[in-house]
Amino acid sequence: MALAYDGAIQHLIDGFARLPGIGPKGAQRIAFYLLSASDEEAQDLADAIREVKEKVRFCEICGNVCETSPCPVCSDPRRDHSIICVVEEPKDVMSIERTREFHGVYHVLGGAINPMANVGPGDLAIPKLLDRLKTDEVKEIILALDPNIEGEATVTYLSRLLSPLDLKVTRLASGLPVGSDLEYADEITLGRALEGRQEA
Ligand code: ZN
């Protein structure tokens, strides 16, 4: 058996294999699935990929993904702009929105401090966060980072950085599964962690 397919099919397999969470076998399975799928289905997926690259951008204020910047949350006057919930990734915004417990605005850091992966505070959207605090409007910062070592390091760093400022800094209550990602917490657990947040 040949180790690689010819041309287009191998190109597609290699493309899928580079995606997070898909190994070489999964990549092969998806490629062959698409080969036998209808033209419409394959075209629809190709269009979705093109569209996401053309239309989706990052909000100039909070860093969340959006099609118009500022994003719908930042530009919504009904949201409480005095509370900023700091998260690692855009997907965390979605997790917190699903709890329906939070009516403030967000700030997406773009990751967490991780010395093993050479990610330091300078690689995160921290200066942008500090810029947002220059107005008197912000009263509380909720540090909603992943309940793992990197999230913990980031909470420690940010709470020290923010402590001289005249605002309340809180963090999610414990109770989230330790060592995991915010996105894996169910809405009820995450909602409770948000509601029971404590001073950082
Ligand atoms: Zn925004």
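The structure displayed is predicted, hence computed values, not measured ones.

Asks: So, unusual backbone geometry: which residues are in play, and what are the values?
Replies: A cis amide bond, omega -5°, links Ser-69 with the succeeding residue Pro-70. Its location among the elements puts Pro-70 in the loop between strand E2 (65-66) and strand E3 (80-87). Phi is positive for Asn-118, close to 60°, though the residue is something other than glycine. Relative accessible area serves as the criterion here: at 68%, Asn-118 is assigned to the exposed category.

Asks: Tell me what's going on with the coordination of the zinc ion, and back it up with residues and numbers.
Replies: Tetrahedral coordination by four donors sets the ideal angle at the metal to 109.5 degrees; octahedral coordination by six donors sets it to 90 or 180 degrees. With distances of 2.3 Å, the protein atoms coordinating the zinc ion are Cys-59 (SG), Cys-62 (SG), Cys-71 (SG) and Cys-74 (SG). The coordination sphere of the zinc ion comprises 4 donor atoms, whose angles at the metal cover 107 to 115°; the geometry is tetrahedral. Within one chain, the residues donating to the zinc ion are spaced in sequence as C-x2-C-x8-C-x2-C. Of the two residues, Cys-62 sits in the loop between strand E1 (57-58) and E2 while Cys-74 sits in the loop between E2 and E3, which places them 12 residues apart along the sequence. Judged by its relative accessible area of 3%, Cys-62 falls in the buried class.

Asks: Let's hear about the domain arrangement of the protein: which residues, and what values?
Replies: Structurally, the protein comprises domain 1 (7-53) and domain 2 (79-171). Domain 1 and domain 2 are separated by 35 Å when their C-alpha centres are compared.

Asks: Any chance you could break down the sheet that holds strand E4 (residues 104-108) for me, citing the residues and the numbers?
Replies: Strand order across the open sheet formed by 5 strands is E4-E3-E5-E6-E7, with mixed pairing between neighbours. Only two strands of the sheet have a single neighbouring strand rather than two, namely E4 and strand E7 (198-199). Of the pairings in the sheet, the one linking E3 to strand E5 (residues 140-143) comprises 4 bridges and is parallel in character. Each residue of the ladder has a partner; that of Ile-84, found in E5, is Ile-141.

Procedures and definitions
Residues numbered from 1 in each chain as written. Predicted model: local features only at pLDDT ≥ 70, side-chain atom pairs only at ≥ 80, totals over all residues. Heavy atoms only, no water. Helix = DSSP H or I, 4+ residues; strand = E, 2+ residues; numbered from the N terminus. Buried < 20%, exposed > 50% of the residue type's maximum accessible area, 1.4 Å probe, protein only. Donors = N, O, S within 2.8 Å, 3.2 Å for Na, K, Ca; no water. Tetrahedral: all angles 85-135°; square planar, octahedral: opposite > 155°, others 65-115°. Domains from an automatic or database assignment. Pairing = 2+ DSSP bridges.

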